[in-house]
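Observations on the three-dimensional arrangement
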Amino acid sequence: MDKYAVIGNPIKQSMSPDIHAAFANETGQDMEYGKLFAEVDGFKGVVDQFFADGARGLNVTAPFKLDAFEYADELTERARTAGAVNTLALQGDGTLLGDNTDGAGLVSDIKQHLGWVIRGKRVLILGAGGATRGTLLPLLEEKPAELHIANRTAQKARQLAEDFSGYGSITASGLDAVPDGFELIINASAASLSGELPPLSPRALAEGCCAYDMVYGAQPTPFMHWATGLGAEVSDGLGMLVGQAAESFALWRGVRPRVEPVLGMLRERLL
Ligand code: ATR
């Protein structure tokens, strides 16, 4: 049976095996998908062994996305620009392709599942770390009217904007200097992980704004509460998790699973 897994540290909490089991069931694919733990400096040894044992692909989560970037023989453009790999796929010639499906998962959740529009809209992304970098190319490919990165440390936002300036119209500032009136705001900062709200002026939200937090949990994040109070339509990032998994599955198996049933299952489990 074709063998896949997700590697991380910690890994116990990962929902990826349940997601991929549901995808495999729905699409009739004969495959198994497990969890791999590695010590922080032990990525290469565990992954060497996994592929030597005949595995076909691997998902990669924290803290190993940079290790996987180094490990891959070849990179997709979106992995190269992300500077990180969350999916390794064995190719016909025995080499490993490194991909990054996080941004595509975000975009498909926003467009297909939520029905929000990116094309032609003024889009603001909060944060300038790995989560933001991983999603900039797929977001720019949607051709927003404007993409503005705002970060607590303004210089990091400016650097990211410069790195991606060849791919579309992109601007940057600190959180205290965000222009007014964005139609879509994506929180990719780590603030929600510590229960914090990025200090953003309410004027950053246009009327009818949509607000997306990449974090998910049983309760809405402070950012989601704040945006709801200002009249925005909000979503957490559970759909991005399922969306990135669906992209990996499609890369490996050549079939695209439905995300809605799996999203419903996970949502029930979270509550
Ligand atoms: P990730 O891989 O999740 O993006 P990261 O690379 O460590 O993690 O980046 C974390 C991001 O969240 C950074 O942009 C950070 O801002 P700084 O660059 O100023 O450190 C942002 N961040 C973390 N805590 C925050 C908070 N309480 N308010 C606003 N931004 C926060």
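Reading guide: rules and limits
- Residues numbered from 1 in each chain as written.
- Predicted model: local features only at pLDDT ≥ 70, side-chain atom pairs only at ≥ 80, totals over all residues.
- UniProt positions renumbered as here; feature names shortened; annotations may be inferred.
- Helix = DSSP H or I, 4+ residues; strand = E, 2+ residues; numbered from the N terminus.
- Buried ≥ 20, exposed ≤ 12 C-beta atoms within 10 Å, placed from the backbone.
- Contact = placed C-beta atoms within 7 Å.
- Near = placed C-beta within 6 Å.
- Nonpolar A, V, L, I, M, F, W, Y, C, P; charged D, E, K, R; others polar.
- Pairing = 2+ DSSP bridges.
- Core = buried A, V, L, I, M, F, W, Y, C linked by C-beta atoms within 7 Å.
- Domains from an automatic or database assignment.
- Axes fitted to C-alpha atoms, helices over the stretch in contact; angles between N-to-C directions.
- Parallel < 35°, antiparallel > 145°, perpendicular 65-115°, else oblique.
- Left-handed = near helix turned anticlockwise from the far one by under 90°.

So, the UniProt feature "domain: Quinate/shikimate 5-dehydrogenase/glutamyl-tRNA reductase" (unreviewed entry) in the chain
Per the UniProt record, the feature "domain: Quinate/shikimate 5-dehydrogenase/glutamyl-tRNA reductase" (unreviewed entry) sits at residues 117–191. Across residues 117–191, helical content stands at 29% and strand content at 29%; the span's end C-alpha atoms are separated by 25 Å.

Quick notes on the UniProt feature "active site" (unreviewed entry) in the chain
Taking the UniProt record as the reference, the feature "active site" (unreviewed entry) is found at Lys 65. By secondary structure assignment, the location of Lys 65 is in helix H3 (residues 65–71). Look at Lys 65 and you get buried, because 22 C-beta atoms sit within 10 Å. Setting aside chain neighbours within four positions, we find Lys 65 in contact with Val 60, Ala 84, Val 85 and Asn 86.

Examining the site of the ligand
Close contacts around the ligand come from 14 residues, with Gly 129, Gly 130, Ala 131, Arg 152 and Thr 153 the closest. Counted by class, the shell around the ligand contains five nonpolar, six polar and three charged residues.

Let's talk about the pairing of strand S6 (residues 96–99)
Here is the key point about a regular strand: its side chains alternate between the two faces of the sheet. Where strand S4 (residues 74–75) and S6 come together, two bridges link them in parallel fashion. Bridging from a neighbouring strand, Glu 74 pairs with Leu 97 of S6. Summarising the sheet, strand S5 (residues 87–90) and S6 pair through four bridges and their orientation is antiparallel. Paired with Thr 87 across the strands is Asp 99, a residue of S6.

Comments concerning the nonpolar core
Leu 124, Ile 149, Ile 185 and Ala 211 are the most contacted members of the largest nonpolar core, which has 78 residues in total. For this core, the element with the highest residue contribution is helix H9 (residues 238–253), accounting for eight residues. Taken together, domain 1 (2–100 + 244–270) and domain 2 (103–236) each give at least three residues to this core, which thus spans both. Not counting residues within four places of it along the chain, the set of residues in contact with Ala 211 comprises Ile 185, Phe 223, Met 224, Ala 227, Ala 232 and Val 234.

Describing the packing of helix H5 (residues 102–113) against helix H6 (residues 130–141)
Contact pair H5 / H6: the axes reach a minimum separation of 7 Å and the direction vectors enclose 55°. The angle between H5 and H6 places the two elements in the oblique class. The interaxial crossing formed by H5 with H6 has right-handed handedness. Contacts from Asp 102, Gly 103, Ala 104, Leu 106 and Val 107 of H5 reach H6 at Gly 134, Thr 135, Leu 137, Pro 138 and Leu 139. Tallied by class, residues from the contact of H5 with H6 come to six nonpolar, three polar and one charged.

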